[in-house]
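The primary structure of each chain is shown beneath.
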Amino acid sequence: MARRYDSSTTTFSPEGRLHQVEYAIEAINNAGTSVGILAKDGVVMASERKITSGLLAPARTSEKTYKLCSHATCTVAGLTADANILIDQARLRAGRYEYQYQEPIPIEHLVEHVCNYKQAYTQYGGLRPFGVAFLFAGYDETHGFQLYQSDPSGNYSGWKATVIGANNQAGKSLLKTDYGSSKKEEDSDEMKTDEAAGPEIEMPDVAEACRLAVKVLNKTMDGAVASPEKLELFTMTLDSDGQCVHKILSEDEAKAVIAEVEAETAAAGDT
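These numbers were taken from a predicted model, which means no experiment stands behind them.

1. Points about the nonpolar core
Okay, so step 1: By size, the foremost hydrophobic cluster in this structure holds 43 residues, and its most contacted members are Ile37 and Leu233.
Okay, so step 2: The leading source of residues in this core is helix 5 (residues 206-220), at 8 residues.
Okay, so step 3: Setting aside anything within four residues of it in sequence, one finds Ile37 in contact with Val43, Val44, Leu147, Lys160, Ala161, Leu175, Tyr179, Ala209, Leu212 and Ala213.
Okay, so step 4: Listed in part, the 23 residues of the second largest apolar core include Cys69, Ala94, Val111 and Val114.

This is the structure:
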């Protein structure tokens, strides 16, 4: 039955499903893992680097993390070529908003614009959904640091910590138990930033969030040992002037974080 409806993004199946959108989401589930963690003094995002060949020239810029404007950044999982189109849309919208209103664009407004663009590609004939999911990190004066996730359907939601890409369910399970100092209720299966989602969680600082992100990638990467060549750590914090600082950790800094995680794991194994 599915084969009669899976060639069009504009036709619902009798079960009420849009198969092409589901296939796009499945493509993301086979992509490199990305982790986003909201900290009390910033946002941490970590991504798995897929090394397909040792003959490839090293990338001059990040292939996973992209700066959208002075106070917003995104991490991608899925088809990078599709992501480039949406990143250009986000940068254009952020620039036009600041030119028109003389103030930075609110983060959720920027996320909503990108998601509306993605949703249009699920509703008109002759188009296919974008095969990419995003983690958006940003800061504004009203809501502080924020973390959002979006998928090819055009849906988006705010999170304290989440995972996209391969083995994302295993990563989310680890975040549920290790994020913050207080445990959520057993019947809460998501960590969304909703007042009804459960008790308030004490957020970690950026250093703790970096260690937690490495732990998640250790669990989601299939048998691979975390190393600076196989992962990328990004932090967004504020400087003394209240301006956002975007930083991709160097190899030495990433090695130090990985060493701390390995020491914690070894200490936990001894006890």
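Now, onward.
2. Considering the environment of Lys255
Okay, so step 1: Position of Lys255 among the secondary structure elements: in helix 6 (residues 251-270).
Okay, so step 2: Between the C-alpha atoms of Lys255 and Pro228, which are 27 residues apart in sequence, the distance is 6.1 Å.

3. A few points about the environment of Cys69
Okay, so step 1: Note on placement: Cys69 falls in strand 3 (residues 65-69).
Okay, so step 2: Not counting chain neighbours up to four residues away, the residues in contact with Cys69 comprise Ala94 and His246.

4. Details of helix 5
Okay, so step 1: Here helix 5 is 15 residues long and its end C-alpha atoms lie 21 Å apart, about the 21 Å a rise of 1.5 Å per residue gives.
Okay, so step 2: The complete set of buried residues in helix 5 reads Val206, Ala209, Cys210, Arg211, Leu212, Ala213, Val214, Val216, Leu217 and Thr220.
Okay, so step 3: Looking at where helix 5 begins, the residue whose side-chain oxygen comes 3.3 Å from the main-chain nitrogen of Ala207 is Asp205.

5. Considerations on the packing of aromatic side chains
Okay, so step 1: This structure, assessed with the given rule, holds 7 aromatic pairs.
Okay, so step 2: Look at Tyr139 and Phe145: their rings are 4.8 Å apart centre to centre, the planes differ by 55°, and that puts the pair in the tilted class.
Okay, so step 3: By relative accessible area, Phe145 is classed as buried at 14%.
Okay, so step 4: Taken together, the ring pairs in this structure connect Tyr117, Tyr121 and Phe130 into an aromatic cluster.

6. What about the sheet that holds strand 8 (residues 161-164)?
By definition, the strands of a sheet pair up through backbone hydrogen bonds, in either a parallel or an antiparallel sense.
Okay, so step 1: Spatial ordering of the open sheet is given by 8-1-2-9-10, a layout of 5 strands whose pairing is antiparallel. In the strand order of this sheet, the two ends are held by strand 8 and strand 10 (244-248), each with one partner. The average angle at which neighbouring strand axes cross in this sheet is 10°, direction not considered.
Okay, so step 2: Two strands pair when backbone bridges link them, and strand 1 (residues 34-39) and strand 2 (residues 42-48) are joined in this way by 6 bridges, in the antiparallel orientation. Paired with Gly36 across the two strands is Met45, which belongs to strand 2.
Okay, so step 3: In this fold helix 5 packs onto strand 1, strand 2, strand 8 and strand 9 (231-238), with an angle of close to 20° to the strand it touches most, strand 2.

7. Some thoughts on the pattern of salt bridges
Okay, so step 1: Under the defined criterion, the tally for this structure stands at 7 salt bridges.
Okay, so step 2: Linking Asp82 and Arg128 is a salt bridge whose minimum nitrogen-to-oxygen distance equals 2.8 Å. Highlighted residues: Asp82 in helix 2 (residues 80-101) and Arg128 in the loop between helix 3 (107-120) and strand 5 (132-140), separated in sequence by 46 residues.
Okay, so step 3: The exposure class of Asp82 is buried, given its relative accessible area of 9%.
Okay, so step 4: With a closest N to O distance of 3.3 Å, Lys215 and Glu264 form a salt bridge. On the criterion of sequence distance, the pair formed by Lys215 in helix 5 and Glu264 in helix 6 is long-range, its members being 49 residues apart.
Okay, so step 5: In this structure Lys215 comes out as partly exposed when scored by relative accessible area, which is 27%.
Okay, so step 6: For Glu264, a relative accessible area of 34% puts it in the partly exposed group.
Okay, so step 7: Because the salt bridges share partners, they merge into one network encompassing Arg211, Lys215, Glu260 and Glu264.

8. Re the sheet that holds strand 7 (residues 156-158)
Okay, so step 1: One open sheet accounts for 5 strands, arranged 3-4-5-6-7; its pairing is antiparallel. Edge positions in the sheet fall to strand 3 and strand 7, since each of these pairs with one other strand and no more. Across the sheet, the axes of successive neighbouring strands diverge by a mean angle of 25°, strand direction being ignored.
Okay, so step 2: Relative to strand 7, strand 6 (residues 144-150) runs antiparallel, the two sharing 3 bridges. The residue bridging Tyr148 from the neighbouring strand is Gly158, located in strand 7.
Okay, so step 3: In this fold helix 2 packs onto strand 3, strand 4 (72-78) and strand 5, with an angle of close to 20° to the strand it touches most, strand 3.

Scoring rules and cut-offs
Residues numbered from 1 in each chain as written. Predicted model: local features only at pLDDT ≥ 70, side-chain atom pairs only at ≥ 80, totals over all residues. Heavy atoms only, no water. Core = buried A, V, L, I, M, F, W, Y, C linked by side-chain atoms within 4.5 Å. Buried < 20%, exposed > 50% of the residue type's maximum accessible area, 1.4 Å probe, protein only. Helix = DSSP H or I, 4+ residues; strand = E, 2+ residues; numbered from the N terminus. Contact = heavy atoms within 4.5 Å. Expected span 1.5 Å × (residues − 1). Polar contact = N/O pair within 3.5 Å; in protein donor to acceptor, adjacent residues only side chain to side chain. Phe/Tyr/Trp six-rings, centres within 6.5 Å; stacked < 30°, edge-to-face > 60°. Pairing = 2+ DSSP bridges. Axes fitted to C-alpha atoms, helices over the stretch in contact; angles between N-to-C directions. Salt bridge = Lys/Arg side-chain N within 4 Å of Asp/Glu carboxyl O.

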